[in-house]
Amino acid sequence: MRDDVLVLGANGFLGLHVVDALRAEGVEPRCGRRRRSNVLGLLSRRANRVLADLDEPESLRGAMSGVNTVIHLAGHYPRHSLDPVGTLSLGVQQTRTVLDAAREAGVRRIVYVSSTATVSPSEVGASTEADRFDTPPNFGLYHRLKWAMEGVFAEAGDIEVRVALPAGCIGPGDLRVGTSAMLVALARGDDPPHPDGTVSLVDPRDAAVGIARQALRADAPSRLILSGRSVGLHPLLVEAAALLDVAPPSPPLSAETMLARARAAESAAAGKRSALSQEIVELAVYGVPVDGSLATRALGVRYRSFADSLTDFVRWATPLGFLTPQTEPTP
Amino acid sequence: MTKSPSHQRIFRILSDLSAIPAGDIKVEDRLREDLGLDSVSSMELVSMLSEEFAIDVELEEAVKITTVAALLQLADQRAAPQEGAHA
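Each chain has its residues counted from 1, running along the sequence as written. For naming, the first written chain is A and the first written ligand is 1, with later ones following in the order written. Selection of residues for local features in this predicted model requires a pLDDT of at least 70, selection of side-chain atom pairs for listing and counting requires 80 or more, and totals for whole chains, interfaces and linings are taken over all residues. Water and hydrogen atoms were dropped before computing side-chain values, which therefore reflect all heavy atoms in the structure.

Enquirer: Even after reading the chapter, I still don't get the nonpolar core, so can you show me in this structure?
Expert: Across soluble globular proteins, you tend to see nonpolar side chains buried next to one another. In this structure, I71(A) and L14(B) are the most contacted members of the largest nonpolar core, which totals 60 residues. Setting aside chain neighbours within four positions, we find L14(B) in contact with A19(B), I25(B), L31(B), L35(B), L37(B), L45(B), V68(B) and L71(B). Throughout this description, the term nonpolar core refers to a set of buried Ala, Val, Leu, Ile, Met, Phe, Trp, Tyr and Cys residues connected via side-chain atoms within 4.5 Å. The buried label goes to any residue with under 20% of its type's maximum accessible area, the exposed label to any with over 50%, and the partly exposed label to all in between, with areas taken from a 1.4 Å probe on protein chains only. By definition, residues are in contact when any of their heavy atoms lie within 4.5 Å.

Next up, the structure:
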């Protein structure tokens, strides 16, 4: 079995699914992890764990020794948007560290897992891989961070760089309840405040298949959107409420109101991740419809339905106590 | 009461994560309310113990560990057969 693929961030929400997808493609990956991180998912998979900490360049060089392909899912993910300068600086610095280590180790290909946040609006329907911001987006720290980290790979030189652009992941394994936060609130019987806007969604298992194939296949696209669906956030929550058999959400609030609430929530969280974040609000407010069909045409990625993803998420989250009994079938 | 080496190690890890001196951490402390660990840190803690003591912990089990006592009990239960084998 091929073992020259390193996954950075393998113990994360999407990372664990990428490990599964690589194994399905006949690869036993090296699974990079930070010194202090939750690796229960890797332990249960009996995965090959290696220390690969973006703040410890020597560990990265060691982890990359003999590696042909690096899948990088460990890009800086800020807990809040209150420190733009520090966030951008850290994200870019860590990305350069990964690139430098890859260069020294003789890595031949990097798949950098970015986000649909770097896809720019299109004047003709849904945006595709060709739509990208030429200059940093003038909104959203998360958007600017992702754009800046992608930009570092322009300096990759001889290393082939491919960029994966997954949409917001909804499905089993979201331990930190990131993109699932509003759905979890809905399932608990809360009425999550939300803005109007467009969100793009993908099941992490489907995104992982795309990322694994983008990493392994010689003729895979160099830029690849992984999105099963783009939809208005409010209609999505109404649809989810019906699937969960809970009360529908109240109408959306204005972007200004939601951003102010998110900023206040982040300030009150004192450096920890708050239940409502500016990043989530901005992803909806500035969201554009995206076209994920290239992944299907080029790599055979099939997107499951939102209903299936939500059902599997509920099935996974319920025994962990993330949801209240309201999501259980009524006796 | 003297702590076993494994318990001492757990208290050191708890101290490291919570920034509370090991001597101030009590068996009856709750990870979140008393030691200030959030759910992510709590999971990291269980993961660290799982690796350090070579014990398998299912996710469902990990999320239910909310006190220092439960952590110690987990380490004791899982370590017992191993320690017996070396006796």
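Enquirer: Help me out: how do you make sense of the pattern of salt bridges in this one?
Expert: One side chain can pair with another of opposite charge once the charged atoms of both are near each other. Counted as salt bridges are all cases of a side-chain nitrogen of Lys or Arg within 4 Å of a carboxyl oxygen of Asp or Glu. Tallied over the entire structure, the rule returns 24 salt bridges over all chains. Where R33(A) meets E51(B), a salt bridge forms, and the shortest distance between an N and an O atom there is 2.8 Å. Residue R33(A) is found in strand β2 (residues 30–33), and its partner E51(B) is found in helix α2 (residues 39–52); the two belong to separate chains. A relative accessible area of 9% places R33(A) in the buried class. Salt-bridge contacts for R46(A) lead to D56(B); the nearest nitrogen and oxygen are separated by 3.3 Å. Of this pair, R46(A) sits in the loop between α2 (40–44) and β3 (48–51) while D56(B) sits in the loop between α2 and α3 (59–62), placing the two residues on different chains. Look at R46(A) and you get exposed, because its relative accessible area is 59%. Residue classification places D56(B) among the partly exposed positions, given a relative accessible area of 45%. Look at the salt bridges and you will find they share partners, linking D203(A), R205(A), D206(A), R304(A), D312(A) and R315(A) into a network. The secondary structure listing takes helices from DSSP runs of H or I that are at least 4 residues long and strands from runs of E that are at least 2 residues long, numbered from the N terminus.

Enquirer: Can you walk me through the sheet that holds strand β7 (residues 168–169) of chain A in this structure?
Expert: Adjacent strands of a sheet form backbone hydrogen bonds with each other and so pair up, either parallel or antiparallel. Residues and elements named next belong to chain A. Spatially, the three strands line up as an open sheet ordered β7-β8-β10, and their pairing is mixed. Both edges of this open sheet fall to β7 and β10 (229–232), since each of them pairs with a single strand only. Strands qualify as paired when DSSP identifies two bridges or more between them. Relative to β10, strand β8 (residues 198–202) runs antiparallel, the two being bridged by four bridges. Counterpart to V199 in the pairing with β10 is V231.

Enquirer: Any chance you could explain a positive patch on the surface here in plain terms?
Expert: Residues enter a patch when their relative accessible area is above 30% and they make no salt bridge; the linking distance is 9 Å between like charges and 5 Å between nonpolar side chains (Val, Leu, Ile, Met, Phe, Trp, Tyr). Note on areas: Shrake-Rupley with a 1.4 Å probe; residue coverage comes only from the protein chains shown. Charge convention: Lys and Arg are scored as positive, Asp and Glu as negative, and His as well as the terminal groups of each chain are ignored. A charged residue contributes its charge at one atom only: NZ of Lys, CZ of Arg, CG of Asp or CD of Glu. Together, R34(A), R79(A), R176(A), K272(A) and R32(B) make up a region of like positive charge exposed at the surface. By the secondary structure assignment, R34(A) is in the loop between β2 and α2.

Enquirer: Looking at this structure, how should I read the interface of chain A and chain B?
Expert: How big an interface is tends to be stated in terms of accessible area lost as the parts join. Taken together, the 16 residues of chain A in the interface contact 18 residues of chain B. Two parts placed together each lose some accessible area under a 1.4 Å probe, and the buried area is that loss summed for both. Buried surface at the junction of chain A and chain B, summed over both partners, amounts to about 1500 Å²; 57% is from carbon and sulfur atoms. It is R36(A), L40(A) and L320(A) in chain A that bury the most area against chain B; as a group they hold 41% of the surface buried on that side. Counting across the interface, chain A meets chain B through four salt bridges. Note that Gly is not counted as nonpolar here; it falls among the polar residues with everything else outside the nonpolar set of Ala, Val, Leu, Ile, Met, Phe, Trp, Tyr, Cys and Pro and the charged set of Asp, Glu, Lys and Arg. Partitioned by chemical class, the residues of the side of chain A that touches chain B number seven nonpolar, two polar and seven charged.

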